[in-house]
Amino acid sequence: MQSTNVSRLLFLQKKTRESSFMNDLSLNKSKAIYWASGIVSICGIIFEVLFGAAGSYLLGDGVKQYTLTISLFLTGMGIGAAVSEKVTKNLILSFVWIEYAIGILGGFSIFILFGVTAFLSSGMDAFFLYFITLVVGALTGVELPILIRKANEIGITVQKSTAKVLFSDYAGGLIGGLLFVYLLRPQFGLVKTAFLVAIINVVVALWVLYYFKSEIKHYRRHAISGLIILFVLTLGVLFGEKTAFLFEQKLYQDPIIYHTQTDYQQVILTKEQGDLRLFLDGQLQFSSDDEYRYHETLVHTAVATADNPQNILILGGGDGLALRELQKYEQIETMTLVDLDPIVTDLGKHHHELTVLNNHAFEDERVKIVNKDAFQYMKEDDTFYDIILVDLPDPNNESLNKLYTLEFYQLLRNHLLPGGSMMVQATSPTFATEVYWSINETIKATELYTENFHVDIPSFGDWGFVLAKREPISLEDVDISVDTKFLTNEVLEGLTAFGKDIDEKMIDSKGMPIEPEVNTLIHPTLIEKYERAWKSY
């Protein structure tokens, strides 16, 4: 009898140990699933914002591109979640091959996008970007339902497994966004980031494959496939950016001599037969062959119409070319240049090609450089200026649009001394007529008086400026007293004449008058007008 009881006790202990082992095994497998879900969620959010950033750079209008790519990615996730119901065989193996697919498609996505942009017709780049966004989104949408079902299969309740996987997903999304903004994009750029994130997807797949290898037939075959994909993606990290750079070179007419991705934009310098050109996010900022026409009109018009030009504020102009023109005036006491991107001002200070062009303008002791957002600077600054030069890029996205709003021009007016002059670059009145006159109307809405100018710049075309003052403007006594290549008193007066097809009396296709609109932060009408106007050029 005693022997029987001992046997039963040993049997129960064995069962208890087996049960405990199985529980531990289930717990470890469930933890592996939660970790995998968190990591692939980080990768998913990075791909999502990566596609938006690529669209913003290559296609313009950041808000539009981020809106479209995020919407398409989420739509793809919804499609993927619905399709996941069809996945019934070996959930782990299905997850592994989904990660392999995301690795291949996501990893090569930006690399191929640059190739499409360089070699195929206009519009194909947008089609490819939106298509790959939808596909990668769909694959991402399959991941979580599969992991939740696998957790249930292990023995975790539906409610508990869903909650934990979704928590890992949402927490991973936050981490992914922060990593992209503060590490991946500024340190590695778009192409290399895509390959690096793809590698993480494949590594997670290989780890999960190894963890559940007892459930996988032909485990080694699947593992070798993953290792081959991992090797190819590693080659992409090492050489993809260099090749994509060759693709990008085809987007520019001249050889690229300087290229970098800053925290704010992509900066490119090209040079061919002495013509130096600066591009910011693909947009031409100047050509050394004719930039003097632009900068002489911007600077000398303002100086000649100001009563006492001593303290000067330049918003933008990190290349130093406006400073070069201001150097010609001995009576100027201070020149404060506010440019958001320190890389651009460092380029203007130190790059040999630029220092020769700007006559080493940053070495002038009167120059003070501030690397800050112009809007924020004007809100915090308590200085008054005799001249304000607004030498900012065109309003082709939300960040730049705020620098063309009523609220911003009101800040500038409040820092402009009586008798002072403000000169604003205001895009092309020929190519974007409604945009130009809307900028003029917005400045007038601050109760400043305005005068309009346009000048032919061969590399840009016809380009417009708006001069603004607190007092009515007269050009009768204006005298351009310094040495110039282009601008004279007679030429300046002629720049105020606009042809009938581009003057303020605009009409639509039905012959009805178009009234220029005031652009505000709450109602930013300028971006849509700008995009519509430049679509044909």
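Everything that follows concerns the structure shown earlier in this document.
Summary of the structure given here.

What counts and how
- Residues numbered from 1 in each chain as written.
- Predicted model: local features only at pLDDT ≥ 70, side-chain atom pairs only at ≥ 80, totals over all residues.
- Heavy atoms only, no water.
- Helix = DSSP H or I, 4+ residues; strand = E, 2+ residues; numbered from the N terminus.
- Contact = heavy atoms within 4.5 Å.
- Polar contact = N/O pair within 3.5 Å; in protein donor to acceptor, adjacent residues only side chain to side chain.
- Buried < 20%, exposed > 50% of the residue type's maximum accessible area, 1.4 Å probe, protein only.
- Right-handed = clockwise from strand over helix to strand, strands pointing away.
- Pairing = 2+ DSSP bridges.
- Expected span 1.5 Å × (residues − 1).
- Arc of directions from axis to C-beta.
- Phe/Tyr/Trp six-rings, centres within 6.5 Å; stacked < 30°, edge-to-face > 60°.
- Axes fitted to C-alpha atoms, helices over the stretch in contact; angles between N-to-C directions.
- Parallel < 35°, antiparallel > 145°, perpendicular 65-115°, else oblique.
- Nonpolar A, V, L, I, M, F, W, Y, C, P; charged D, E, K, R; others polar.
- Core = buried A, V, L, I, M, F, W, Y, C linked by side-chain atoms within 4.5 Å.
- Patch = residues over 30% accessible without salt bridge, like charges linked within 9 Å, V, L, I, M, F, W, Y side chains within 5 Å.
- Areas by Shrake-Rupley, 256 points an atom, 1.4 Å probe, with all protein chains shown as cover.
- Salt bridge = Lys/Arg side-chain N within 4 Å of Asp/Glu carboxyl O.

## Topic: the environment of T301
By secondary structure assignment, the location of T301 is in helix α7 (residues 291-305). For the pair formed by T301 and F465, sequence separation is 164 residues and the distance between their alpha carbons is 10.0 Å. Leaving out residues up to four positions away in the same chain, T301 has contacts with E296, M423, F453, L467, L487 and L492. Polar side-chain contacts of T301 include one of 2.7 Å to the backbone oxygen of T297.

## Comments concerning the pairing of strand β6 (residues 334-338)
Counting buried positions over the 5 residues of β6 gives 4, a clear majority of the element. Considered for its hand, the β-α-β crossover made up of strand β5 (residues 311-316), helix α8 (residues 321-326) and β6 is right-handed. Pairing analysis gives 4 bridges linking β6 to strand β7 (residues 367-370), with the strands arranged parallel. Of the residues in β7, the one forming a bridge with T336 is K368.

## Some words on helix α2 (residues 62-83)
An α-helix turns once every 3.6 residues. As a result, residues three or four positions apart point the same way. If you check α2, its first and last C-alpha atoms are 31 Å apart, about what 22 residues at 1.5 Å a residue would give, namely 32 Å. Those residues of α2 not exposed but buried are G62, Q65, T69, F73, G76 and G80. Each buried residue of α2 lies within a common arc of 75 degrees when the element is viewed along its axis, so the set occupies one face.

## Here's the deal with the pairing of strand β11 (residues 461-469)
Most of β11 is tucked away: 9 of the 9 residues are buried. Pairing of strand β9 (residues 416-425) with β11, which is carried by 4 bridges, proceeds in the antiparallel orientation. Its bridge partner being in β11, M422 is matched across the sheet by A468. Of the pairings in the sheet, the one linking strand β10 (residues 449-457) to β11 comprises 9 bridges and is antiparallel in character. Residue pairing for β11: Y449 is matched across the bridge by K469. Here β10 folds back onto β11, and the loop between the two strands holds 3 residues.

## A short note on the packing of aromatic side chains
Scanning the model with the defined rule gives 15 aromatic pairs in all. Relative to Y100, the ring of W97 lies with its centre 4.8 Å away and its plane at 80 degrees, an arrangement referred to as edge-to-face. Of the two residues, W97 and Y100 are both situated in helix α3 (residues 91-119); the distance of 3 residues between them amounts to about one turn of the helix. Residue W97 is classed as partly exposed on the basis of its relative accessible area of 37%. Judged by centre distance (5.0 Å) and plane angle (85 degrees), the rings of F108 and F195 are edge-to-face. Taken together, the residues span a long stretch of sequence, with F108 in helix α3 and F195 in helix α5 (residues 158-211) at a distance of 87 residues. On the accessibility criterion, F108 (24% relative accessible area) is partly exposed. A network of ring pairs unites the aromatic residues F108, F111 and F195 as a single cluster.

## Brief notes about the sheet that holds strand β1 (residues 256-261)
Here 4 strands make up an open sheet; going across it, the order is β1-β2-β3-β4 and the pairing antiparallel. What marks the edges here is a single partner per strand, and that holds for β1 and β4 (283-287). Shown here is a sheet whose adjacent strand axes are inclined to one another by a mean of 15 degrees, direction ignored. Alignment of strand β3 (residues 275-280) against β4, held across 4 bridges, turns out to be antiparallel. Directly across from L278, in β4, lies its bridge partner F286. Against the sheet, helix α6 (residues 219-249) engages β1 and β2 (266-272), with an angle of about 120 degrees to β1.

## Here we look at the packing of helix α14 (residues 433-444) against helix α16 (residues 526-534)
The angle between the axes and the distance between the axes are what describe a pair of packed helices. Where α14 meets α16, the closest approach of the two axes is 8 Å, and the angle between their N-to-C directions is 150 degrees. On the basis of the axis angle, α14 is roughly antiparallel to α16. Between α14, through E434, V435, S438 and I439, and α16, the contact on the second element is made entirely by L526, K529, Y530 and R532. Residues of the contact of α14 with α16, tallied by class, amount to 4 nonpolar, 1 polar and 3 charged.

## Here we look at the nonpolar core
Core analysis: the largest hydrophobic core is formed by 107 residues, its most contacted members being F47, I110, L326 and L389. Discounting residues that sit within four places of it in the chain, F47 has contacts with F73, I102, G106, G107, V136, A194, V197, A198 and N201. In this structure, L315, Y377, Y404 and V424 belong to the second largest nonpolar core, which totals 38 residues.

## Quick look at the sheet that holds strand β8 (residues 385-391)
The 7 strands lie next to each other as β7-β6-β5-β8-β9-β11-β10, forming an open sheet whose pairing is mixed. Edge positions in the sheet fall to β7 and β10, since each of these pairs with one other strand and no more. On average, each strand axis in the sheet is inclined to that of its neighbour by 15 degrees, with strand direction left out of account. Note: β5 against β6, 5 bridges, orientation parallel.

## Describing a nonpolar patch on the surface
Together, I224, I228, F231, V232, L235, L238 and F239 line one region of the surface with nonpolar side chains, adding up to about 670 Å² of accessible area. Positionally, I228 belongs in helix α6.

## Quick look at the side chain of T520
Mapped onto the fold, T520 is located in the loop between β13 (513-514) and α16. Polar side-chain contacts of T520 include one of 2.9 Å to the backbone nitrogen of H523. For T520, the residues in contact, after removing those within four places along its chain, are N401, T405, L406 and E407.

## What about unusual backbone geometry?
Of note in the backbone geometry, Q273 takes a positive phi value of approximately 50 degrees without being a glycine. On the secondary structure map, Q273 appears in the loop between β2 and β3. Since its relative accessible area comes to 78%, Q273 is described here as exposed. The residue E447 is not glycine, and still its phi comes out positive at about 75 degrees. The topology assignment puts E447 in the loop between α14 and β10. The class of E447 is exposed, set by a relative accessible area of 70%.

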